[in-house]
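Each chain is listed here by its residues.
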Amino acid sequence: MTPVHFAFSTTFILGLMGLTFHRNHLLSALLCLEGMMLSLYVALSLWTLQLNSISFSPTPMLMLAFSACEASAGLALLVATSRTHGTDRLQALNILQC
């Protein structure tokens, strides 16, 4: 495994571990998801550059667009839950109560 692959794998795994073990606040979960998406974007961009193929060149931009949509939906949910529940703590959210 090259150092570049190791770095991207490590950043993705760290984001996944942060999402798994530190789920106290919704904002921290969203930040972990964004870190995972950023590592995937950079890895996909470098993979496209290594292939020297034109057919794969729009793929990183498409993934970046989906990542931006995911971030905006997550922030909208954060604002909505903080307005209705008064906090962004995930333990305060009861899904069955809706």
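Throughout this document, residue positions are counted from 1 along each chain, in the order its sequence is written. The model is predicted, so local features are restricted to residues of pLDDT at least 70 and side-chain atom pairs to those at 80 or more, both for listing and for counting; the totals for chains, interfaces and linings are taken over all residues. Hydrogens are left out, water is left out, and the side-chain values use all remaining heavy atoms of the structure.

Q: Please set out the packing of helix α2 (residues 26-51) against helix α3 (residues 59-85) residue by residue, giving values where relevant.
A: Helix axes use the C-alpha atoms of the stretch in contact, all axes being lines fitted to C-alpha atoms, and the angles between their N-to-C directions lie in the range 0 to 180 degrees. Only DSSP runs of H or I reaching four residues or more are called helices, and only runs of E reaching two or more are called strands; each is numbered from the N terminus. Contact geometry of α2 with α3 gives a least axis separation of 10 Å together with a crossing angle of 175°. In terms of their interaxial angle, α2 and α3 are classed as roughly antiparallel. Just so you know the grouping, Ala, Val, Leu, Ile, Met, Phe, Trp, Tyr, Cys and Pro go in nonpolar, Asp, Glu, Lys and Arg go in charged, and all remaining residues, Gly too, go in polar. Counted by class, the contact of α2 with α3 contains 16 nonpolar, six polar and two charged residues. Roughly parallel means an angle under 35 degrees; roughly antiparallel, over 145; roughly perpendicular, 65 to 115; everything else is oblique.

Q: How would you summarise the side chain of Ser-39 if you had to cite specific residues and measurements?
A: Looking at the element boundaries, Ser-39 is found in helix α2. You can call Ser-39 buried: its relative accessible area is 6%. Only heavy atoms enter the contact rule, under which two residues are in contact if any of them lie within 4.5 Å. Ignoring sequence-local partners within four residues, the contact set of Ser-39 consists of Phe-8, Thr-11 and Phe-12. When accessible area is computed with a 1.4 Å probe and restricted to protein chains, residues below 20% of their type maximum are described as buried, those above 50% as exposed, and intermediate ones as partly exposed.

Q: Describe the UniProt feature "transmembrane region" (unreviewed entry) in the chain, listing the residues and the values that go with them.
A: UniProt positions are given in the numbering used here, feature names are shortened, and annotations may be inferred rather than shown by experiment. In the numbering used here, UniProt assigns the "transmembrane region" (unreviewed entry) feature to residues 6-22, 29-49 and 61-80. Each end of residues 29-49 is marked by a C-alpha atom, and these two atoms are 31 Å apart; helix forms 100% of the span and strand 0%. End C-alpha atoms of residues 61-80 are separated by 29 Å, and the span's content is 100% helix alongside 0% strand.

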